[in-house]
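Report on the structure
Listed below, chain by chain, are the residues.
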Amino acid sequence: MADITPSLMANSIRALAMDAVQQANSGHPGAPMGMADIAVALWDRHLKHSPQNPHWMDRDRFVLSNGHGSMLLYALLHLTGYKLPMSELQAFRQLHSKTPGHPELGYTPGVETTTGPLGQGLSNAVGMALSEKLLAKEFNREGHAVVDHHTYVFLGDGCLMEGISHEASALAGAWKLNKLIALYDDNGISIDGQVAPWFIDNTALRFTAYGWNVIGPIDGHDTEAVSVAIGQAQQSADKPTLIICKTHIGKGSPNRANTAKAHGEPLGAEEIKLTREALDWPHAPFKIPQESYDAWDAKARGLSAEAAWDAKFAAYKAAHPALAAELLRRMKGDLPKSFSQLAVDTVIGAHTKAETVASRKASQLALEAFTAGLPELLGGSADLTGSNLTNTKSTPSLRFDLNGEVVQTPDSNGVSVGGRHINYGVREFGMAAIMNGIALHGGFIPYGGTFLTFSDYSRNAIRMAALMKLRVVHVFTHDSIGLGEDGPTHQSIEHAASLRLIPNLDVWRPGDTAETAVAWAVALQNKNKPTALLLSRQNLPYAPKDDLGQISKGAYVLAEPNEVGLNKKAQAVIIATGSEVQLALKAQELLATYKIAVRVVSMPSTTTFDKQKPAYKSEVLPEGIPRIAVEMGVTDGWWKYGCAAVVGIDSYGESAPAPVLFKHFGFTPENVADTVRKVLSKK
């Protein structure tokens, strides 16, 4: 007699999915119903996890990349014993429930990443698998494999159609991430119907070309076949694995299975009744038989696996106490105790040297200190290392040998270490989403560089980092028309303003070496938010300053009228960011010849300044004094500061040498001074 348990377990998922979507009158029942058997194979037979401790360090990571099928994950978490009661499933997609429309990090215990924008979950999984591999190489010792887990990802047609899947999957193959296992729900249906007219990829050959191990197609409703395939994938020594599972979307539904109708709308009361009959499921909505709960319950197994690892880690700690302490610190996301002094020394050093360099070079100078002191910093660039200057003496290039092992490279002290600077290739979106995965896994603080204009490519992954409150640092160089001859395709105009609109993204546009060092120090301390650093190509003179302590507040008084020989109160305030701070200072000098007293405020971070207390804001920007902002970008974002005028650009740039462009667009001391005079003449 056939074992009915896998069928019972899978049908429990199907019932919960169709009932929750029906009650919410919103959602996607088809994918959970179609992938239920795949879920049984992975979660019941292979997944290493502990429902009573969702953050156990050596758990397998599971990512539902096709996040619209969120009820699949919620059902699994509920059934296996996570703190997700039935009442939360009944509140699916309702305000403040722990079962939002798409899985969200921090809302639901057991959810490893926020998914929904297709393809990004797969890319996050690549970052997670890379982190596991690098940490294992760095911390494991003979007889002590304390970092040893897999990353599993479910994905669908939509994930593969999104271009980011190419970027991330190609890197996964290049990096030989053998502990990454992806299960593809190949059901041939998307919102618009049968995908055959618009999705004709030979997925197996595509992933073979990336350097993946490909298994299948197999019957995705044969639990045993899927389980065997997962077991085979776990034996891969040097390749990630894609398991192609042929499934029927909405399986069990007599009239909706294999149709687009099952994808993104409730089945309807009548069809649910017919589905219950077809599945031989006599239970009321949201009622699961105890037999199924007993079969699914993973609490005891999870505690046993966790206890075994605890014993293993105790032996590791006894043999390698310093390594154990360092691994725990990094997985917690705590900075080393030496960081505060390191940050102070780095900022003071920049101030003392007062170098005239591009802020992209100032960033590299700060990184030399920070990467030397923080081994968790994992850098990279999207094929622009020599332009972004994201590499340092402490971060040799990350490389893998033919067997998939991390190549050890001598660092500046002659010690062999694994590479800490990633060549992502021309893959800005993939880089950004992979960095999110690295941050999600823990153990590293990722940063990556490209030109500011190309933040458009990676924007949705930046948004996801902000939504998930991840410490990720984006190094965006060539931040304005100051890059010159490359022209308007590369010259950022709207990008600074656009990035500042993303909630929980800290945006810095520093004007010299000290401001850049402060920006980096703040970014590294931003444990619950990503940071974007907007940096110049052209050299910027150091702006003398008396007080370094106010820079971290996002804006500060850089120069008062008495510093240009006028002993009277300021008649106007010039606010500037980045390279335009020098324009403001020169305009202040020009205005002094007309006996016009001006205060110069440097505002390297509007997002940080906006969070300061009203008293400090009023201290920097006094009421009743006209304000004039200067920034080589769109003017819209500056009016909120009550500016009387903004010297900016509300058009695209031009192709010409930078000095020619500055004059053409009015970024000269004379034009800034004239703008101030015009404002004052209207008072």
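Conventions and cut-offs
Residues numbered from 1 in each chain as written. Predicted model: local features only at pLDDT ≥ 70, side-chain atom pairs only at ≥ 80, totals over all residues. Heavy atoms only, no water. Helix = DSSP H or I, 4+ residues; strand = E, 2+ residues; numbered from the N terminus. Rg over C-alpha atoms; globule rule 2.2 N^0.38 Å. Buried < 20%, exposed > 50% of the residue type's maximum accessible area, 1.4 Å probe, protein only. Contact = heavy atoms within 4.5 Å. Pairing = 2+ DSSP bridges. Axes fitted to C-alpha atoms, helices over the stretch in contact; angles between N-to-C directions. Phe/Tyr/Trp six-rings, centres within 6.5 Å; stacked < 30°, edge-to-face > 60°. Lys NZ or Arg CZ within 6 Å of the ring centre and 35° of its normal. Core = buried A, V, L, I, M, F, W, Y, C linked by side-chain atoms within 4.5 Å.

1. With respect to the overall build of the chain
Assigned secondary structure in the chain consists of 25 helices and 22 strands. In summary, the chain has a C-alpha radius of gyration of 28 Å against a globular reference of 26 Å for 683 residues, a match within 12%. Expressed along its principal axes, the backbone C-alpha trace of the chain runs to roughly 100 × 60 × 45 Å. When the 683 residues of the chain are sorted by exposure, 61% land in the buried category.

2. Focus on the side chain of Thr477
Structurally, Thr477 is set in strand E14 (residues 473–477). For Thr477, the residues in contact, after removing those within four places along its chain, are Arg360, Ser387, Asn388, Thr450, Phe451, Leu452 and Leu535.

3. Topic: the environment of Ser381
Mapped onto the secondary structure, Ser381 falls in strand E9 (residues 377–381). For Ser381, a relative accessible area of 0% puts it in the buried group. Along the chain, Ser381 and Asn391 lie 10 residues apart, while their C-alpha atoms are 8.5 Å from each other. In contact with Ser381, not counting residues within four places along its chain, are Asn388, Thr390, His421, Ile422, Asn423, Tyr424, Gly425, Met431 and Gly449.

4. Here we look at the pairing of strand E3 (residues 180–186)
Most of E3 sits out of view: seven of its seven residues are buried. The side-chain alternation of E3 yields two buried faces, one formed by Leu180, Ala182, Tyr184 and Asp186 and the other by Ile181, Leu183 and Asp185. As paired strands, strand E2 (residues 151–156) and E3 are joined by six bridges and run parallel to one another. For Thr151, the partnering residue across the bridge sits in E3 and is Leu180. Summarising the sheet, E3 and strand E7 (residues 241–246) pair through six bridges and their orientation is parallel. Across the sheet, residue Ala182 finds its bridge partner in E7, namely Leu242.

5. Section: the sheet that holds E7
Strand order in the open sheet formed by five strands is E1-E2-E3-E7-E6, and the pairing between neighbours is parallel. Across the chains shown, the open sheet's two edge strands, defined by having one partner strand only, are strand E1 (61–64) and strand E6 (213–219). Neighbour to neighbour, the strand axes of the sheet diverge by 15° on average, direction disregarded.

6. Observations regarding the sheet that holds E14
Across the sheet, which stays open at both edges, the six strands sit in the order E12-E9-E13-E14-E16-E15 with parallel pairing between neighbours. A strand with exactly one partner marks an edge of an open sheet, and here the two such strands are strand E12 (421–423) and strand E15 (506–508). Across the sheet, the axes of successive neighbouring strands diverge by a mean angle of 20°, strand direction being ignored. Here E9 pairs with E12 via three bridges, running parallel. Opposite Gly379, over in E12, you have His421 as the bridge partner.

7. Description of the packing of aromatic side chains
Scanning the entire structure with this criterion turns up 16 aromatic pairs. Aromatic side chains Tyr74 and Phe92 sit 6.1 Å apart centroid to centroid with 70° between the ring planes, which places their arrangement in the edge-to-face category. Taken together, the positions of Tyr74 in helix H3 (residues 70–80) and Phe92 in the loop between helix H4 (86–90) and helix H5 (120–139) put the pair 18 residues apart, joining distant regions of the chain. Since its relative accessible area comes to 0%, Tyr74 is described here as buried. Look at Phe207 and Tyr210: their rings are 5.2 Å apart centre to centre, the planes differ by 80°, and that puts the pair in the edge-to-face class. With Phe207 and Tyr210 both in helix H8 (residues 203–210) and three residues apart, this pair spans about one turn of that helix. What makes Tyr210 buried here is its relative accessible area of 14%. Connected via pairs of aromatic rings, a cluster forms that spans Trp56, Trp309, Phe313 and Tyr316. Note that Arg330 overlies the ring of Phe444, its terminal NZ or CZ placed 5.1 Å from the centroid. The aromatic ring of Tyr616 is capped on one face by Lys553, whose charged end is 4.4 Å from the ring centroid.

8. Brief notes about the nonpolar core
The biggest cluster of nonpolar side chains holds 76 residues, and the ones touching the most others in it are Phe370, Ile481, Trp520, Ile574, Leu621 and Phe667. In terms of residue count, the dominant contributor to this core is helix H20 (residues 513–525) (eight residues). Membership of the second largest hydrophobic core comes to 59 residues, among which are Met128, Leu134, Phe207 and Leu440.

Bear in mind that shape data such as this cannot, by itself, settle questions of function.
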